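Observations on the model geometry
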Amino acid sequence: MADDKKQEHEDVEYSNEYIQTRIRRNKQERSVRRTNMWMRRFKVFLRFLTILILMFLCYKLIRMHQWYMSPRAFDSVRSPYLEILNNKIVPDYYILAALRKNEVPTVPIYMFNTDEIKKSIMQLDPVENVYIRRFWFPARLQIIVQEREPVISIAPDENVESIAFFSKGGKLIGRDYLPLNPSFKTIKVLTYGTKGDDYRHWDKQRVEFIEKVAKTVKNVSKEPLDFIDLRDPKDVYLEINGLRIRLGELDDACFERIMRLPSIMPQIQTLDKKIKYIDLRWKDASYIKLDE
């Protein structure tokens, strides 16, 4: 009987201890769950706060004044909002005048469409292409100009400045863009624009033909070409290193006549008299005309 009570007592103690253990374990589990729940809520709050901060920073970034050009950006070529590069023929103020046909952008620089500005600059005769780059901090435009290459200069006399020039492709460009930069080596052509050969009506083929004549003369004579005198298209003169050459008409046969120069040049070096010109007009003969 005593053993039964003892056993019963032990069972009760064990049961109480088990219950207390379960209670403590449940409390710990609730505490862990509560902690995890708050951690999850805190993480959600942090994400939300981070998103708000990023949105605020993006808004501030977009609204920064460095994205916007000054309303006076096109007032001067020295403007910090404008950079013009690679223009050797077109003066800066011509490009600036073309820019002023357009309004200074009032939108952020990354939203500004440069097509209209490009179209305005492309209207300048020497301009072949334009590349416009947009920068920020501060907002500014970089204008890179690709100009036509001058090949022929037009003048009424050898001692007169050029009044126009032709570029590759046969584009005639007027005196507004003269004088040319000395770095451009052009073929000087003397012409009045009359007597049936008005240079204002020359096309690409005519320009290329004159280029071919000049290159042939230079390659054959090994001397620099001073000018081509086209003031009388039926009686054309050349001058190479101060020596005048009477070529006759500029036709397809003129290249054969030019090819006779190497055979006659050694004779010139042996003469003591002053030479007026070399006559290459005739098909089968060349003559040295002395200055009387």
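So, here's what we can say about the structure. The written sequence of each chain sets the order in which its residues are numbered from 1. Predicted model: local features are reported for residues with pLDDT of at least 70 only, side-chain atom pairs are reported and counted for 80 or more only, and whole-chain, interface and lining totals are derived from all residues. With hydrogens and water excluded, all non-hydrogen atoms of the structure serve as input to the side-chain values.

Topic: the packing of helix α2 (residues 92–99) against helix α3 (residues 115–122)
- Axis lines are fitted to C-alpha atoms, over the contacting stretch for helices. Their N-to-C directions set the angle, which ranges from 0 to 180 degrees. The helix and strand labels rest on DSSP assignments: H or I over at least four residues marks a helix, E over at least two residues marks a strand, and numbering proceeds from the N terminus. The interhelical angle for the contact between α2 and α3, taken along N-to-C directions, is 135°, at an axis separation of 8 Å. When the axis of α2 is compared with that of α3, the two are oblique. Judged by the twist between their axes, the crossing of α2 over α3 is right-handed. Side by side, α2 and α3 meet where Ile95, Ala98 and Leu99 of the first sit next to Ile117, Ser120 and Ile121 of the second. Our angle categories are set so that under 35 degrees counts as roughly parallel, over 145 as roughly antiparallel, 65 to 115 as roughly perpendicular, and the remainder as oblique. Crossings are classed by handedness, with left-handed meaning an anticlockwise turn of the near helix from the far one by less than a right angle and right-handed meaning a clockwise turn. We call two residues in contact when some of their heavy atoms are within 4.5 Å.

Focus on the nonpolar core
- Residues enter a nonpolar core if they are buried and are Ala, Val, Leu, Ile, Met, Phe, Trp, Tyr or Cys, with the set joined through side-chain atoms within 4.5 Å. The rule is simple: take the accessible area with a 1.4 Å probe, protein chains only, and divide by the maximum for that residue type; under 20% is buried, over 50% is exposed, in between is partly exposed. Judged by nonpolar contacts, the single largest core of 35 residues is most densely connected at Ile152, Val189, Val213, Ile228, Leu261 and Ile278.
- Looking at this core element by element, the count peaks at seven residues for helix α4 (residues 204–221).
- In this structure Val189 touches Ile152, Ser153, Ile154, Ala155, Trp202, Ile210, Ile228 and Leu230, once residues within four positions along its chain are discounted.
- Core analysis: the second largest hydrophobic core is formed by 30 residues, Phe74, Leu99, Phe165 and Ile173 among them.

Quick notes on the pairing of strand β10 (residues 243–248)
- Counted residue by residue, β10 has five buried out of six residues, so it is predominantly covered.
- Summarising the sheet, strand β9 (residues 236–240) and β10 pair through five bridges and their orientation is antiparallel. Note on β10: the bridge partner recorded for Glu239 is Arg244.
- In this structure, the hairpin formed by β9 and β10 is closed by a connection of two residues, where Asn241 is found at a positive phi of approximately 50°.
- Paired strands, as defined in this entry, are two strands with at least two bridges between them according to DSSP. Two strands pair when backbone bridges link them, and β10 and strand β11 (residues 275–279) are joined in this way by two bridges, in the parallel orientation. Each residue of the ladder has a partner; that of Ile245, found in β11, is Ile278.

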